[in-house]
Amino acid sequence: MALEDRNRRGLKRLLRSFNYAISGLGYVIRHEQNMQIHLASTIAICGLAWFFSVSATEWVLLLLVMGGVLTAETLNTAIERTVDLVTEDFHPLAKRAKDIGAASVFIFCIIAIIIGAIIFVPYFINIL
Ligand SMILES: Nc1ncnc2c1ncn2[C@@H]1O[C@H](COP(=O)(O)OP(=O)(O)OP(=O)(O)O)[C@@H](O)[C@H]1O
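Being a predicted model, the structure only gives us computed values, none of them experimental.

For the coordinates displayed, the defined rule picks out 5 salt bridges. Note that E80 and R81 form a salt bridge whose closest N and O atoms lie 3.7 Å from each other. In this structure, R81 engages D84 in a salt bridge whose closest nitrogen and oxygen atoms are separated by 3.4 Å. Note that R81 and D84 are positioned in helix α3 (residues 56–86) at a spacing of 3 residues, about one turn of the helix. Accessibility expressed as a relative area gives 30% for D84, which makes it partly exposed. The network of salt bridges with common partners includes E32, E80, R81, D84 and K98.

Another aspect to go through is the UniProt feature "binding site: a divalent metal cation" (unreviewed entry) in the protein chain. Under the UniProt annotation, the feature "binding site: a divalent metal cation" (unreviewed entry) is placed at E32 and E80. With the annotated positions falling across 49 residues, the maximum pairwise C-alpha distance of 11.0 Å places them together in a single cluster. Structurally, the position occupied by E32 is in the loop between α1 (11–31) and α2 (33–51). Beyond its immediate chain neighbours, meaning those up to four positions away, E32 contacts Y27, E73, T77, E80 and R81. Relative to the elements of secondary structure, E80 occurs in helix α3. When residues no more than four places from it in sequence are discounted, the contact partners of E80 are E32 and K98.

So, on to the state of the cysteines. The final tally for this structure, using the stated rule, is 0 disulfides. C109 provides the cysteine sulfur closest to C46, a residue in no disulfide bond, and the two sulfurs are 15 Å apart. Of the residues examined, C46 reaches a relative accessible area of 25% and is grouped as partly exposed.

Calculation rules
- Residues numbered from 1 in each chain as written.
- Predicted model: local features only at pLDDT ≥ 70, side-chain atom pairs only at ≥ 80, totals over all residues.
- Heavy atoms only, no water.
- Salt bridge = Lys/Arg side-chain N within 4 Å of Asp/Glu carboxyl O.
- Helix = DSSP H or I, 4+ residues; strand = E, 2+ residues; numbered from the N terminus.
- Buried < 20%, exposed > 50% of the residue type's maximum accessible area, 1.4 Å probe, protein only.
- UniProt positions renumbered as here; feature names shortened; annotations may be inferred.
- Contact = heavy atoms within 4.5 Å.
- Disulfide = S-S within 2.5 Å.

So this is what it looks like as C-alpha cells:
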C-alpha cells in the first residue's frame with residue numbers, strides 16, 4: 001500500500017488491500033513449488049470429498065486444515081523473502097528463521113494428513 005494511503009479509510013483502500021493480497025497469492029502460487037503441490041493436493045482432496053459425499057462437519061474440518069496448510073505456506077514464503085531481504089549471505093540466524101518457518105508448514109501438513117486419514121479411511125473401507 002502506498003505510504004500516503006496508510007491513514008485513509010474507505011472502499012478504495014479496501015479494494016487496494018484486496019489487490020495486494022491477490023498479488024501476493026499469485027506470487028506464491030507462481031514461484032513456490034511447494035504451494036503448487038499443496039494446491040494440487042487440495043483439489044484432489046476436494047474431489048475425494050465430493051466423491052464420497054462427506055458430511056458437512058467433515059467438509060468444514062477438511063477446509064480448515066487445507067486452508068491452514070495453504071496459509072502456513074504463504075506465511076513461510078513471506079518469512080523466506082524477508083530473510084533474503086535482510087541477508088543474502090549464509091547466516092546461522094537466517095537458517096534458523098527459514099527452518100522454523102518450514103517447520104510450521106510441516107506441522108500443519110502432518111495434522112492435515114492425520115485428519116484426512118481419520119475422515120477418509122472409513123469411506124475407503126466401506127467401498128472395499
Ligand atoms: N541466508 C541463509 N543462511 C543460512 N541458511 C540459509 C540461508 N538461506 C537459506 N538457508 C537454508 O537453506 C534452506 C532452504 O532455503 P531456501 O531459501 O532455498 O528455501 P526453500 O526451503 O528452498 O524454500 P522455497 O524453495 O520454497 O523458496 C533453509 O531452510 C535454510 O536451512
